[in-house]
Each structure stands twice: as C-alpha cells, then as structure tokens.
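Each chain is listed here by its residues.
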Amino acid sequence: MAFFTKGIAKLVTEAISKRKTPFITFVLGGPGSGKGTQCQKIAEVFNFEHICAGDLLREEMSSNSQNGAMIRSIIMEGRIVPSEITVNLLKKQIHSSGNNKVLIDGFPRNEENRIAFERIVGVEPDLVLYFYCPEEEIVERILKRNQGRIDDNIDTINKRLESFKKLSLPVIDHYTAEGKVYKINAVGSVDEVFQRIRPVFTSLRYATIMSA
Ligand code: ADP
Ligand code: C5P
Ligand code: MG
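Residues numbered from 1 in each chain as written. Chains lettered and ligands numbered in written order. Predicted model: local features only at pLDDT ≥ 70, side-chain atom pairs only at ≥ 80, totals over all residues. Heavy atoms only, no water.

**Q** In this structure, what is going on with the overall build of the protein? I would like to understand it.
**A** Across its full length, the protein holds 9 helices and 5 strands. Ordered by position from the N terminus, the helices and strands of the protein form the series α-β-α-β-α-α-α-β-α-β-α-α-β-α. A total of 212 residues make up the protein; the buried ones form 44% of that total. Long-range contacts, defined as pairs at least 24 residues apart, comprise 77% of the intrachain contacts of the protein with a sequence gap of at least 6. (Helix = DSSP H or I, 4+ residues; strand = E, 2+ residues; numbered from the N terminus. Buried < 20%, exposed > 50% of the residue type's maximum accessible area, 1.4 Å probe, protein only. Contact = heavy atoms within 4.5 Å.)

Below, the structure is given as structure tokens:
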C-alpha cells in the first residue's frame, strides 16, 4: 500500500508539473476559522506552498515601505487593503516559491481582490476551500490567539466579521456558482477538521491523473 501511494504521488507530481499554470487553491472563511492552522497541515502532508495574504500584508506593514502606514490603519479597522498591493505581493510569492501547487490563504476577500488576481496573475483558482465557523467560536478563538496582532481585539473583530459577511460571502457565492467550492465544517479539534479536508486532496491526486 505504501508503495502504491508513493507511486501515485509521483504520478501526480509529474502530471501537475506539466501544467502551464500552478494549481491554485483559495482558502476562505471568517477570521479565526482556522485557515492558517489547516493550511500548514495541508502544505506539509500534500506538499503545497502556503501563501498567506494577511502575513504578506503584515510584513509589508512592518517594513519601511511607503504603504506601511496605510496598511496598518486598514488592518486596524478590519477593512480590505487595495487589491493592487495584495495581488502584487501574492504574485511575487507564487513565482518565487518554485512550487506549482499553491494554497492562497485569506484571499480573495472581496470582488475587487478576485478580479485583480485574474487580471494581474492571469489565472483562476482550481479549487476554493470555505471554512464555516459560527461567530461565537470565531470570537473565542481570536481572543485566545495571543500572537500580538493589532487586530485581535473585540472592536476590530466585529468589524472584520462585518467585512466578511458583506464583502467576502459574495466571493464565495461566485465560486459556488462555478462549482469550485468545498465547504468544511470548521468546528472540532484541529485533527478532526483536517480529517474532513484530507479526502479532497487525496481525490485530487486521482482526478489529476485522470485528466493528465
Ligand atoms: P485564521 O487563519 O482563519 O484566522 P487561525 O488558524 O489563525 O485562523 O486560528 C485562529 C486561532 O484558533 C489560533 O489561535 C488557532 O490556534 C486556533 N485554532 C485553529 N483551529 C482550531 C480548532 N479546530 N479548534 C480550536 N482552536 C483552533
Ligand atoms: O487573513 P488575516 O486574518 O491574516 O487578515 C488580516 C487582515 O489583513 C484583514 O482583516 C484585512 O484587513 C487584511 N487583508 C486584506 N486583504 C486580504 C487579506 C487580508 O486587506 N486579501
Ligand atoms: Mg490566518
């Protein structure tokens, strides 16, 4: 069995490496729904590059770039950074990763993000994961996150939840209409949630071979 699995993995890697564009998975869900935690596990087990839009923006915010102060105030207010900035950071990271299987975590957050990505990067996602998590759980998780983030306070959390409902849900609806969304119940232990995701990427291996 181990040999069989290893053989399949090699075939998939070869099939994906023949693609002209990377295999892109967008990872969406409310703030604190566990996107980053699960992306780390997917990246490790299925050899994806994990690119987190929020992390790229926080790095940019802390650098001396001309956009740093603007990004800081937008993040503090739970609003969305202009797409041009985020998409160019993502594009650089996708190209420098050298991995053609990419998870893009926390993006696109609104329709403008989605359209800018298609225009600037020139590809559409193959798959969209949507982590569904009730608001009470979200608030509890974020208040316990303890990573020193400037936006992990109750005022900003409420604003981020509003942004998510108003701006991000329409993006999820868009991809649902295209049949690309896999909705995951994000409640449960980290391992329980991962067990719900695992079959998606396992079946992807087979699907990739079938269409190669
Ligand atoms: P997101 O990237 O969606 O904002 P994170 O992955 O950072 O979410 O998770 C938010 C917080 O909740 C973190 O402190 C993380 O350790 C914790 N967390 C993640 N998944 C779970 C889970 N399944 N159950 C409980 N806590 C979780
Ligand atoms: O995804 P994460 O929780 O790390 O995002 C933190 C903040 O970064 C968001 O609330 C938002 O202000 C900003 N962000 C953004 N555009 C994205 C991703 C994140 O403006 N695509
Ligand atoms: Mg995150």
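**Q** I tried to follow the pattern of salt bridges on my own but got confused; where do I start?
**A** Charged atoms that come close allow side chains of opposite charge to pair. Counted according to the given criterion, the structure contains 17 salt bridges. The partner of D191 in a salt bridge is K41, with the nearest N and O atoms 3.2 Å apart. Here the residue D191 occupies a position in helix α9 (residues 190-211), and K41 occupies one in helix α2 (residues 35-46), the gap between them amounting to 150 residues. Accessibility expressed as a relative area gives 45% for D191, which makes it partly exposed. Among the residues examined, K41 registers a relative accessible area of 25% and is labelled partly exposed. For D152, the salt bridge is made with R145, and the minimal N-O distance between the two is 2.9 Å. On the basis of relative accessibility, which here comes to 15%, the residue D152 falls in the buried class. Of the residues examined, R145 reaches a relative accessible area of 26% and is grouped as partly exposed. (Salt bridge = Lys/Arg side-chain N within 4 Å of Asp/Glu carboxyl O.)

**Q** Whenever I open this one, the layout of surface pockets confuses me. Can you help?
**A** Over the atoms a probe the size of a water molecule is rolled, and this reveals where empty space is left. Within this model, the largest pocket holds a volume of roughly 980 Å³. Considering the residues around the largest pocket, the lining is formed by 45 residues, among which G32, K35, R145, R149 and R160 are closest to the centre. Among the elements of the structure, α2, β2 (49-52), α3 (53-62), α4 (68-76), α7 (135-143), α8 (154-177) and α9 are those that each provide at least two residues to the lining of the largest pocket. Here the lining of the largest pocket is composed, by residue class, of 15 nonpolar, 19 polar and 11 charged. (1 Å grid on protein atoms, 1.4 Å probe; cavity = no way out; pocket = protein on both sides within 12 Å on 5 of 7 lines; lining within 4 Å. Points joined across faces, edges and corners; volume = space filled by probe spheres on them. Nonpolar A, V, L, I, M, F, W, Y, C, P; charged D, E, K, R; others polar.)

**Q** Before we go on, may I ask you to explain the packing of helix α6 (residues 111-120) against α8 in this structure?
**A** Geometrically, a packed helix pair is captured by the angle between its two axes and the distance between the axes. Where α6 contacts α8, the two axes come as close as 8 Å, and the packing angle between them is 50°. As judged from the angle between their axes, α6 and α8 are oblique. Taking contact as the criterion, the partners of E111, R114 and E118 in α6 are, on α8, L167, P170, V171, H174 and Y175. Here the contact of α6 with α8 is built from residues that sort into 4 nonpolar, 1 polar and 3 charged. (Axes fitted to C-alpha atoms, helices over the stretch in contact; angles between N-to-C directions. Parallel < 35°, antiparallel > 145°, perpendicular 65-115°, else oblique.)

**Q** Explain the sheet that holds strand β4 (residues 127-132) here, please?
**A** Backbone-to-backbone hydrogen bonds pair the strands of a sheet. The strands run either parallel or antiparallel. With parallel pairing, the 5 strands of this open sheet are ordered in space as β2-β3-β1-β4-β5. Strands with a single pairing partner mark the edges of an open sheet, and in this sheet they are β2 and β5 (181-185). Mean inter-strand twist for the sheet, computed between neighbouring axes without regard to direction, equals 20°. Relative to strand β3 (residues 101-105), strand β1 (residues 23-29) runs parallel, the two being bridged by 5 bridges. Pairing of F23 across the sheet is with K101, part of β3. Along the sheet, helix α5 (residues 83-97) makes contact with β1, β2 and β3, crossing β2 at roughly 165°. (Pairing = 2+ DSSP bridges.)

**Q** Would you mind showing me how to read the nonpolar core here?
**A** The nonpolar side chains of a soluble globular protein tend to be buried, and buried together. Among the nonpolar cores identified, the biggest contains 31 residues, and F26, L90, I94, I104, F107 and F117 are the most heavily contacted of them. For this core, the secondary-structure elements that each account for two or more residues are β1, α3, α4, α5, β3, α6, β4 and α8. Counting residues per element, this core draws most heavily on α5, which supplies 5 residues. Here I104 is in contact with I24, T25, F26, V27, I51, L90, I94 and F117, once residues within four sequence places are set aside. F23, F48, L127 and F201 belong to the second largest nonpolar core, which has 24 residues in total. (Core = buried A, V, L, I, M, F, W, Y, C linked by side-chain atoms within 4.5 Å.)

**Q** Which parts of the structure should I look at to understand the environment of N99?
**A** Inspection of the secondary structure puts N99 in the loop between α5 and β3. For N99, a relative accessible area of 14% gives the class buried. Of the polar contacts made by the side chain of N99, one reaches the backbone oxygen of N47; its length is 3.2 Å. A polar atom in the side chain of N99 sits 2.9 Å from the backbone nitrogen of K101. (Polar contact = N/O pair within 3.5 Å; in protein donor to acceptor, adjacent residues only side chain to side chain.)

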